[in-house]
Amino acid sequence: MTAPAALDRFDLAILDILQTDNTTPQRVIAQAVNLSAPAVQRRIQRLQNTGVIRANVAVLDPEKVGKPLTIVVEVHLENERPDRTAPLRARIAAEEAVQQCYSVTGEADYLLVVTVASMTDYQALTQRLFEGDDNVRWFRTSVALECMKTGLRVPLDTGPSSPVGQVNAA
């Protein structure tokens with residue numbers, strides 16, 4: 001694990017705004033955090049260069065682009081040795097339908113979140129990922145019935161006593 005980046009109250013305030021809407025103009029961010037627009041621009045560039053900001057993306061509605069099924073897949077392996085898991089990990093990384101993959105503790109070894117258009121597409125996906133891999137003991141499928149919450153927002157300490165909460169108070 002890498003050490004957390006050294007972030008001051010201005011960085012945290014900027015990140016909080018960008019997580020809500022990364023198209024917010026830098027002059028608006030500057031006004032909100034009491035910095036100049038060039039200072040905000042430099043900070044955002046540094047946050048991108050250091051990997052704190054990993055990507056600037058559009059969040060799509062899967063249903064509106066023809067991928068209405070969200071499926072959570074629990075994968076159970078025979079052996080967790082890196083040489084045995086590398087082929088599966090490579091297939092998962094290359095598979096566009098896999099939105100998220102976590103190596104986890106507990107009974108399962110991996111949890112995948114996938115988005116597909118149909119169960120036929122899901123069946124084809126499982127064949128691509130798991131068929132012929134003797135290290136995959138079994139996998140369990142859970143189909144999401146309803147999306148109650150989704151997002152990638154990282155909680156930042158922005159309460160009134162936090163440095164972020166004090167940015168506008170200064």
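For the structure itself, consult the block above.
Residues numbered from 1 in each chain as written. Predicted model: local features only at pLDDT ≥ 70, side-chain atom pairs only at ≥ 80, totals over all residues. Heavy atoms only, no water.

### Things to note about the side chain of E95
As for its placement among the helices and strands, E95 is situated in the loop between helix 4 (82-94) and strand 2 (98-103). Given the relative accessible area of 15%, E95 is considered buried. Those residues in contact with E95 that sit more than four places away from it in its chain are L125, R128 and L129. (Helix = DSSP H or I, 4+ residues; strand = E, 2+ residues; numbered from the N terminus. Buried < 20%, exposed > 50% of the residue type's maximum accessible area, 1.4 Å probe, protein only. Contact = heavy atoms within 4.5 Å.)

### With respect to the nonpolar core
By size, the foremost hydrophobic cluster in this structure holds 17 residues, and its most contacted members are V73, V75, L88, L112 and V114. Of all the secondary-structure elements, those providing two or more residues to this core are strand 1 (69-77), helix 4, strand 3 (110-116) and helix 5 (119-130). In this structure, I14, A30, I44 and L47 belong to the second largest nonpolar core, which totals 12 residues. (Core = buried A, V, L, I, M, F, W, Y, C linked by side-chain atoms within 4.5 Å.)

### A closer look at the state of the cysteines
A complete count under the given rule lists zero disulfides for this structure. Not part of a disulfide, C101 finds its nearest cysteine sulfur in C147, a span of 19 Å. The partly exposed category is assigned to C101, whose relative accessible area is 34%. Take C147: its relative accessible area is 59%, and that puts it in the exposed class. (Disulfide = S-S within 2.5 Å.)

### Some remarks on the packing of helix 1 (residues 9-20) against helix 3 (residues 37-49)
Direction vectors running N to C along helix 1 and helix 3 enclose 80°, while the axes themselves pass 11 Å from each other. Judged by the angle between their axes, helix 1 and helix 3 are roughly perpendicular. When helix 1 is examined against helix 3, the residues F10, D11, I14, L15 and L18 are found in contact with a partner set consisting of V40, R43, I44, R46 and L47. Split by residue class, the contact of helix 1 with helix 3 holds seven nonpolar, no polar and three charged. (Axes fitted to C-alpha atoms, helices over the stretch in contact; angles between N-to-C directions. Parallel < 35°, antiparallel > 145°, perpendicular 65-115°, else oblique. Nonpolar A, V, L, I, M, F, W, Y, C, P; charged D, E, K, R; others polar.)

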